[in-house]
Amino acid sequence: MASAEIVATYSIVACDLERREWGVGVQSKFLAVGAVVPWADPEVGAVATQAFANVSYGPEGLRLLRDGLPAADVVARLTEADEGRDHRQLGIVDAKGRAATYTGSSCFDWAGGVIGEGYAAQGNLLVSEETVSALAQVFEGSAGKPLAERLLEALAAAQLAGGDRRGQQSSSVLVVRKDGGYGGTSDVAVDLRVDDHEHPIEELHRIYELHDLLFGQTPAEEWLDVNEELAAEIRERLDRLGYEGKSLPEAFEAWAGTENLEDRVDGIDRIDPVVLEELRKR
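Residues numbered from 1 in each chain as written. Predicted model: local features only at pLDDT ≥ 70, side-chain atom pairs only at ≥ 80, totals over all residues. Heavy atoms only, no water.

Moving on, we get to unusual backbone geometry. Residue D109 is joined to W110 through a cis peptide bond whose omega torsion reads -10 degrees. Within the secondary structure, W110 is located in the loop between β7 (99-103) and β8 (112-116). In the Ramachandran plot, R20 falls in the positive-phi region, its phi being about 60 degrees despite a non-glycine side chain. The topology assignment puts R20 in the loop between β2 (9-16) and β3 (21-28). The residue E43 is not glycine, and still its phi comes out positive at about 65 degrees. Summarising the element assignment, E43 is placed in the loop between β4 (38-41) and β5 (45-53). (Helix = DSSP H or I, 4+ residues; strand = E, 2+ residues; numbered from the N terminus.)

In structure tokens, the structure reads:
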């Protein structure tokens, strides 16, 4: 068998074709599972490789998806070429939302997977199949929310349903969108990992809330016009925080940059209500 790591876990690979997002959510009794299982590329697809994980399934799977093969054909191509296929587990969703899952005959019970519109859910060494059923049901029931939130909710539900029968250790959520990363300069919209924690999914959710605060997007129609009264309040608050002596636009930009909120700022004529609330908290 090829060199491999035992990544007994549960995961969900999924996409949101309206938002043009692809991603993976995963949890395991395994150190730093996010460094092994999840792979994704915008407008291409997402891959989860686990059980006796063949990590090459990630980049090779994305390459095959990029060449235009549908998810099921990519699974077949990867596993047919792998002598260790009976020990592997794999989930894939492609650019069109077609999904496929594979569980080798020698994966540790309980092991299996399900597919649905835009997702594949799978797990091995689980308490029962209810874990995978919870992944699928909660994901299907959360349509309309951002993909990262849907993945997080699915992971939490799967854990409540039993999860990995060895317990918990690490979790990860990866979501990609074309130009969806920091400052629009990368495609990685969300890449958060909890490598070693007693309650990794809860910790992952806490970190995601921080990520959304700093890098999330409030719809433009919800931004507030900065009238004279609000400008005076912002000026007063910035002065109290030590930004006196600068023009209001300069002071506001400097404060936002210090607080890592620059992605939520676009001048001073209008203000993101999330940013205003953070300023008021200070």
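On to the packing of aromatic side chains. Under the criterion given, the structure shown has four aromatic pairs. Plain terms: the ring middles of F52 and F108 are 6.2 Å apart, the flat faces sit at 50 degrees to each other, and that makes the pair tilted. Of this pair, F52 sits in strand β5 while F108 is found in the loop between β7 and β8, placing the two residues 56 residues apart along the sequence. In this structure F108 comes out as partly exposed when scored by relative accessible area, which is 39%. Aromatic side chains F252 and W255 sit 6.2 Å apart centroid to centroid with 25 degrees between the ring planes, which places their arrangement in the stacked category. Remark: W255 and F252 occur in helix α7 (residues 248-258); sequence separation between them is three residues, near one turn of the helix. (Phe/Tyr/Trp six-rings, centres within 6.5 Å; stacked < 30°, edge-to-face > 60°. Buried < 20%, exposed > 50% of the residue type's maximum accessible area, 1.4 Å probe, protein only.)

Attention now moves to the pattern of salt bridges. Per the stated rule, a full pass over the model turns up 21 salt bridges. For R19, the salt bridge goes to D16, with nearest N and O atoms at 3.4 Å. The closest approach of N and O atoms between R166 and D164, which form a salt bridge, is 3.0 Å. (Salt bridge = Lys/Arg side-chain N within 4 Å of Asp/Glu carboxyl O.)

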